[in-house]
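Report on the structure
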Amino acid sequence: MITRRDSLSLLAGAASAAILPARAFAQQAIDLSPEQAGRPRAQIDEEAIKLIAKDAKFAKDGVFTIANTAGRLPFGSYANDTRTIIGSEPDIGQLIADALGRKLEVVPTAWADWPLGVTSGKYDAVISNVTVTEQRKEKFDFSTYRKDLLGFYVKKDNEIVIREPRDVAGLKVIVSAGTNQEQILLRWNEANIKAGLKPVEPQYYDDDVVLYLALESGRADAYLGPNALLSFKAAQEGKTRLAGNFSGGWPVLAEIAVTTRKGAGLADAITHALNGQIKNGNYAKALARWNLSAEAIEQSRTNPPGLPKA
């Protein structure tokens, strides 16, 4: 059971787990080719293979099939051939596939479609920045590999600093509908209103171009989203900056995981494979290729306790 003291400790740890500074991003060239020659590869892990349940069924023989939303780098997007999905999440999928002695197949999937695809067996797993929650644990098994870290990003010359809920009072904040970050923002807003503070104004955009124009023009004050995505763009374009970090499971730590169907018999093997790749340094190499800090690593473990309900 996680106590309030534990929660505060976890929050402090999450806040200190930062993505590499913008200067480091600028120094690291991003490989957008479909070949991905620099992608780390793993040796077969016989111990991981032994942990695959005898009744486990893969979507395809000899293949590890994963879903990825292919939304934005660094997590996943299309290579310059406009067909091949590349990014840090496909790299992690490749390490797991190698360890299990299988070929990797990455299937582009809309965010709303991956739960049915995984539960129906169309995909063996989804690797696409999926946060572990208590609600999802009812239908899925998890092998965690990264802390879920959110970031508030503002226009580069905006001096706003966001360290606690009261700091967003009265601000116009861009957030994506149906996400953990939206729920956090709405909870903060509710608490602020009860405290007599000005309400936050959530803004929703379907188009990234319009979204960033709103931020750069001052129609919005801040953008709350996955830190790695927003940090990646900030470093490449130099138009926005980080104003504050928070755990994606606020007020406790949340984690990102390889997600498989509950009882599919794959989670133990995937967790073992991930732990091996974290230990031997391949996982850190996969992060470094996409300018992600190894400080964001949380040692992989299946179904950690104390997670948010939605």
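Shown above is the structure to which this text applies.
Residues numbered from 1 in each chain as written. Predicted model: local features only at pLDDT ≥ 70, side-chain atom pairs only at ≥ 80, totals over all residues. Heavy atoms only, no water.

Our focus in this paragraph is the overall build of the protein. Helix and strand content of the protein: 10 helices and 12 strands. Within the protein, buried positions represent 51% of all 310 residues. Pairs at least 24 apart in sequence give 79% of the contacts found in the protein among residues at least 6 apart. Accessible surface, the protein: about 14600 Å² in total, of which carbon and sulfur atoms supply 51%. (Helix = DSSP H or I, 4+ residues; strand = E, 2+ residues; numbered from the N terminus. Buried < 20%, exposed > 50% of the residue type's maximum accessible area, 1.4 Å probe, protein only. Contact = heavy atoms within 4.5 Å. Areas by Shrake-Rupley, 256 points an atom, 1.4 Å probe, with all protein chains shown as cover.)

Below, the discussion takes up a nonpolar patch on the surface. A contiguous nonpolar patch, built from Val209, Val210 and Leu213 and spanning about 260 Å² of accessible area, is present on the exposed surface. Its location among the elements puts valine 210 in helix α7 (residues 208-217). You can call valine 210 partly exposed: its relative accessible area is 36%. (Patch = residues over 30% accessible without salt bridge, like charges linked within 9 Å, V, L, I, M, F, W, Y side chains within 5 Å. Salt bridge = Lys/Arg side-chain N within 4 Å of Asp/Glu carboxyl O.)

A few words now on the packing of helix α4 (residues 88-99) against helix α10 (residues 282-289). Axis separation between α4 and α10 bottoms out at 9 Å; the angle between their running directions is 155°. Classified by the interaxial angle, the pair formed by α4 and α10 is roughly antiparallel. For the crossing formed where α4 meets α10, the hand is right-handed. Contacts from Asp91, Ile92 and Leu95 of α4 reach α10 at Asn282, Tyr283, Ala286 and Arg289. The residue makeup of the contact of α4 with α10, split by class, is four nonpolar, one polar and two charged. (Axes fitted to C-alpha atoms, helices over the stretch in contact; angles between N-to-C directions. Parallel < 35°, antiparallel > 145°, perpendicular 65-115°, else oblique. Left-handed = near helix turned anticlockwise from the far one by under 90°. Nonpolar A, V, L, I, M, F, W, Y, C, P; charged D, E, K, R; others polar.)

Counting 39 residues, the largest nonpolar core has Phe64, Ile96, Tyr145, Val258 and Ile270 as its most contacted members. Of the residues forming this core, the biggest block, five residues, is contributed by helix α9 (residues 267-280). Residues within four places of isoleucine 96 in sequence aside, it is in contact with Phe64, Ile127, Val258, Ile270 and Leu274. In terms of nonpolar packing, the next biggest core, distinct from the first, is built from 17 residues, Val168, Trp188, Val200 and Ala222 among them. (Core = buried A, V, L, I, M, F, W, Y, C linked by side-chain atoms within 4.5 Å.)

Once that is clear, we can look at the pattern of salt bridges. As enumerated under the stated definition, the model contains 12 salt bridges in all. With a shortest N-O distance of 3.6 Å, glutamate 190 and lysine 194 are connected by a salt bridge. With a gap of four residues between them, glutamate 190 and lysine 194 both fall in helix α6 (residues 180-194), about one helical turn apart.

The strand order across the open sheet formed by five strands is β9-β8-β10-β7-β11, and the pairing between neighbours is mixed. Where the open sheet ends on each side, the last strands, each with one partner, are β9 (201-203) and β11 (240-247). Between one strand axis and the next, the sheet turns by 30° as a mean value, whatever way the strands run. Summarising the sheet, strand β7 (residues 149-155) and β11 pair through seven bridges and their orientation is antiparallel. Residue pairing for β11: leucine 149 is matched across the bridge by serine 247. Across the face of the sheet, α6 comes into contact with β7, β8 (172-174), β9, β10 (222-226) and β11 while running at roughly 135° to β10. (Pairing = 2+ DSSP bridges.)

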